[in-house]
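Secondary and tertiary structure notes
One letter stands for each residue in the lines below.
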Amino acid sequence: MSHWIETGAADDLADGTMKAVAAEGMELLLARVGDSFYAADAHCPHMGGFLPNGHLDGTIVTCPRHGSRFDLTSGKVIRWTNWTGVKLAVGKLLRSPRPLRTYPVRLDEGKVWIELG
Ligand code: FES
């Protein structure tokens, strides 16, 4: 069953930054791009890299472990690792590209809410 959780004041997260949010036993990533907020799993679907420690460029987050890139607006894979050649081919066979799970976000009276479930 889906429900909304409050994650704090919108003004606490600067434009172009992201942070980890712990909620109900989950670790989530919360990012701000302008006046828009995006939420996703904090762990990379490749091999669990901690995405809040990665790099944010617009709505694209880059995993700090192997460089996979995901669009936070949809979870779409932009790049599956920064590997090339045989290493990339074998890596895709062992672990096929999969999107990052994202979550709806809304603002209410200056607070950021994420929908879980
Ligand atoms: S764990 Fe994120 S790219 Fe490998």
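Look at glutamate 24: it is not a glycine, yet its phi comes out positive at around 50°. By the element assignment, glutamate 24 lies in the loop between β2 (17-23) and β3 (26-33). With relative accessibility at 55%, the residue glutamate 24 sits in the exposed group. Unusually for a residue other than glycine, glutamate 109 sits at a positive phi of about 50°. Secondary-structure assignment places glutamate 109 in the loop between β10 (105-108) and β11 (111-116). For glutamate 109, a relative accessible area of 78% gives the class exposed.

Turning next to the side chain of histidine 66. Within the fold, histidine 66 resides in the loop between β6 (60-62) and β7 (69-71). Sequence-distant contacts of histidine 66, defined by excluding residues within four places in its chain, comprise His46, Met47, Thr81, Asn82 and Trp83.

Tallied over the entire structure, the rule returns 1 aromatic pair. For the ring pair phenylalanine 70 and tryptophan 80, a centre distance of 6.3 Å and an interplane angle of 85° mean the geometry is edge-to-face. Taken together, the residues phenylalanine 70 in strand β7 and tryptophan 80 in the loop between β8 (77-79) and α1 (85-94) connect sequence positions 10 residues apart. Residue phenylalanine 70 is classed as buried on the basis of its relative accessible area, which comes to 0%. Here tryptophan 80 falls in the buried class, since its relative accessible area comes to 5%.

A sheet is described by the order of its strands in space; here 3 strands give the open sequence β1-β11-β10, paired in antiparallel fashion. Two strands bound the open sheet, and with one partner strand each, they are β1 (3-9) and β10. Strand-to-strand twist in this sheet, taken as the mean axis angle between neighbours without regard to direction, amounts to 30°. Here β1 pairs with β11 via 5 bridges, running antiparallel. The partner of glutamate 6 across the bridge, within β11, is tryptophan 113.

Definitions and cut-offs
- Residues numbered from 1 in each chain as written.
- Predicted model: local features only at pLDDT ≥ 70, side-chain atom pairs only at ≥ 80, totals over all residues.
- Heavy atoms only, no water.
- Helix = DSSP H or I, 4+ residues; strand = E, 2+ residues; numbered from the N terminus.
- Buried < 20%, exposed > 50% of the residue type's maximum accessible area, 1.4 Å probe, protein only.
- Contact = heavy atoms within 4.5 Å.
- Phe/Tyr/Trp six-rings, centres within 6.5 Å; stacked < 30°, edge-to-face > 60°.
- Pairing = 2+ DSSP bridges.
- Axes fitted to C-alpha atoms, helices over the stretch in contact; angles between N-to-C directions.

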